[in-house]
Amino acid sequence: MPTKTAVLSEGKSKILHTTDDPNLLIQEFKDDATAFNGVKKGTIVGKGVFNQSISTSIFRLLEQAGIKTHLVEVLNDREQLVKRVDIVMVEFVVRNIAAGSLCRRYATEEGLKLERPMIEYFVKSDELGDPLIGREAIAILGLADYEILDLASELTMKVNEIMVAFWKTLGIDLVDFKLEFGRDNEGNLLLADEITPDGCRLWDTKTGEKLDKDRFRFDMGGVEESYARLQSLVTEAAGV
Ligand SMILES: Nc1ncnc2c1ncn2[C@@H]1O[C@H](COP(=O)(O)OP(=O)(O)OP(=O)(O)O)[C@@H](O)[C@H]1O
Ligand SMILES: [Mg+2]
């Protein structure tokens, strides 16, 4: 079993540790929560445990559908062993229903059901505030070539299809979410990072209640309870 050797990086919600195997990392989920590009900071008690569990269940579900991910195995309730990848410095956001920055940018009404799912690309850069970017700029500025961009976009749409159907069985609408991809040492493109309520908008289909990190962003209360509820729903339904 690989053991931790050093802290590779500490981000806003996770710590990455190197291990004695150069191709494997340990991804540790923290309780820290941030919003609005780190302007708002706080703690969601137990979030690291809930998110590790939720992300594992969803990644396993995706693996079963043939999507390659970085997840190797769960080590404990906050830590996963993952394959080390070179992260593509682009965030892939899928939107099914209008919310968040899309509404601010285009004065679109929140809750508008989009005619079909759409992808938006953002530069992974806290310094720049993760700005929206177009395909041409991604390729020309060298963030990713068209081949990677197309493959990652195709995978993103496939993940969306699987996830929309999955959340629907739980009575939850998947409004939007963010994915990150990276290439492993053999050049395979893997889904990396996490899929959790930190990076997904999830609304109760019947009541419209927001169940994700927006509860923290907008001080809506019941944040821990909501994450706990999502975790128990997901682990039970995924059965993995
Ligand atoms: N398998 C992997 N190999 C290498 N890096 C990874 C892997 N999975 C995720 N990462 C990176 O590890 C970091 C996880 O930490 P965290 O999510 O806390 O970062 P963050 O503060 O959100 O910063 P970022 O804006 O870079 O995502 C991210 O930078 C993510 O891109
Ligand atoms: Mg992150």
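Keep in mind the model is a prediction, meaning the values are calculated, not measured. (Residues numbered from 1 in each chain as written. Chains lettered and ligands numbered in written order. Predicted model: local features only at pLDDT ≥ 70, side-chain atom pairs only at ≥ 80, totals over all residues. Heavy atoms only, no water.)

## So, the side chain of D198
Item 1. In this fold, D198 is placed in the loop between β13 (189-192) and β14 (200-204).
Item 2. By relative accessible area, which is 11% here, D198 ends up buried.
Item 3. Polar contacts involving the side chain of D198 include one to the side chain of K47, which spans 2.6 Å.
Item 4. Here Y227 takes part through its side chain, which lies 2.6 Å from a polar atom of the side chain of D198.
Item 5. Leaving out residues up to four positions away in the same chain, D198 has contacts with S13, K47, N51, K213, R217 and Y227. (Helix = DSSP H or I, 4+ residues; strand = E, 2+ residues; numbered from the N terminus. Buried < 20%, exposed > 50% of the residue type's maximum accessible area, 1.4 Å probe, protein only. Polar contact = N/O pair within 3.5 Å; in protein donor to acceptor, adjacent residues only side chain to side chain. Contact = heavy atoms within 4.5 Å.)

## Regarding the sheet that holds strand β2 (residues 14-19)
Item 1. An order of β1-β2-β3-β7-β6 is seen for the 5 strands of this open sheet, with the pairing classed as antiparallel. Edge positions in the sheet fall to β1 (4-10) and β6 (71-76), since each of these pairs with one other strand and no more. Between one strand and the next, the sheet's axes are offset by a mean angle of 30 degrees, whatever the strand orientation.
Item 2. Contacts from helix α1 (residues 47-64) reach β3 (24-29), β6 and β7 (79-83), with the element oriented near 150 degrees to β6. (Pairing = 2+ DSSP bridges. Axes fitted to C-alpha atoms, helices over the stretch in contact; angles between N-to-C directions.)

## Thoughts on the site of ligand 1
Item 1. Inspection of the region around ligand 1 gives 18 residues, with K12, S13, K14, K124 and E180 positioned closest.
Item 2. S13 places a main-chain nitrogen or oxygen 2.7 Å from an oxygen atom of ligand 1.
Item 3. E180 places a polar side-chain atom, nitrogen or oxygen, 2.5 Å from an oxygen atom of ligand 1.
Item 4. Those elements that place two or more of their residues in the shell around ligand 1 are β2, β3 and β7.
Item 5. The two domains that each donate at least three residues to the shell around ligand 1 are domain 1 (4-83) and domain 2 (86-222). (Near = heavy atom within 4 Å. Domains from an automatic or database assignment.)

## Here's the deal with the packing of α1 against helix α6 (residues 223-238)
Item 1. At a minimum axis separation of 9 Å, α1 and α6 run at an interaxial angle of 30 degrees. Relative to α6, the element α1 lies roughly parallel. In terms of crossing hand, the pair formed by α1 and α6 is left-handed. Across the interface between the two elements, K47, F50, N51, S53, I54, S57, I58 and L61 from α1 touch E224, Y227, A228, L230, Q231, V234, T235 and A238 from α6.
Item 2. When the residues that make up the contact of α1 with α6 are grouped by side-chain class, the tally is 9 nonpolar, 5 polar and 2 charged. (Parallel < 35°, antiparallel > 145°, perpendicular 65-115°, else oblique. Left-handed = near helix turned anticlockwise from the far one by under 90°. Nonpolar A, V, L, I, M, F, W, Y, C, P; charged D, E, K, R; others polar.)

## Some details on the domain arrangement of the chain
Item 1. Once the domains are mapped, the chain shows domain 1 (4-83) and domain 2 (86-222).
Item 2. Here domain 1 and domain 2 have C-alpha centroids that lie 17 Å from each other.
Item 3. Each side of the interface is counted separately: domain 1 has 29 residues, and domain 2 has 27 residues.
Item 4. Buried area between domain 1 and domain 2, summed over both chains or domains, comes out near 2,400 Å², and the portion from carbon and sulfur atoms is 63%.
Item 5. Put simply, domain 1 and domain 2 have 5 salt bridges between them.
Item 6. A salt bridge links E194 to K14; the shortest N-O distance between them is 2.5 Å.
Item 7. Seen at the junction of domain 1 and domain 2, the total is 15 residue pairs in polar contact (both at pLDDT 80 or more).
Item 8. Among the secondary structure elements, those contributing two or more residues to the side of domain 1 that touches domain 2 are β3, β4 (32-35), β5 (40-43) and α1.
Item 9. Here the element with the most residues in the side of domain 1 that touches domain 2 is α1; it accounts for 8 residues.
Item 10. Looking at the side of domain 1 that touches domain 2, its residues break down into 12 nonpolar, 10 polar and 7 charged. (Buried area = accessible area lost by both parts, 1.4 Å probe. Salt bridge = Lys/Arg side-chain N within 4 Å of Asp/Glu carboxyl O.)

## Observations regarding the nonpolar core
Across soluble globular proteins, nonpolar side chains show a tendency to be buried alongside one another.
Item 1. Of all hydrophobic cores here, the largest spans 39 residues; its most connected members are F92, V159, M163, W167, F181 and I195.
Item 2. Here this core gets 8 residues from one element, more than from any other, and that element is helix α4 (residues 146-169).
Item 3. Counting contributing residues per domain, this core is built from domain 1 (4-83) and domain 2 (86-222), each supplying no fewer than three.
Item 4. Apart from the residues within four sequence positions on either side, V159 is in contact with L62, I67, F177, L179, L191 and I195.
Item 5. Core analysis: the second largest hydrophobic core is formed by 7 residues, A35, I44, V223 and Y227 among them. (Core = buried A, V, L, I, M, F, W, Y, C linked by side-chain atoms within 4.5 Å.)

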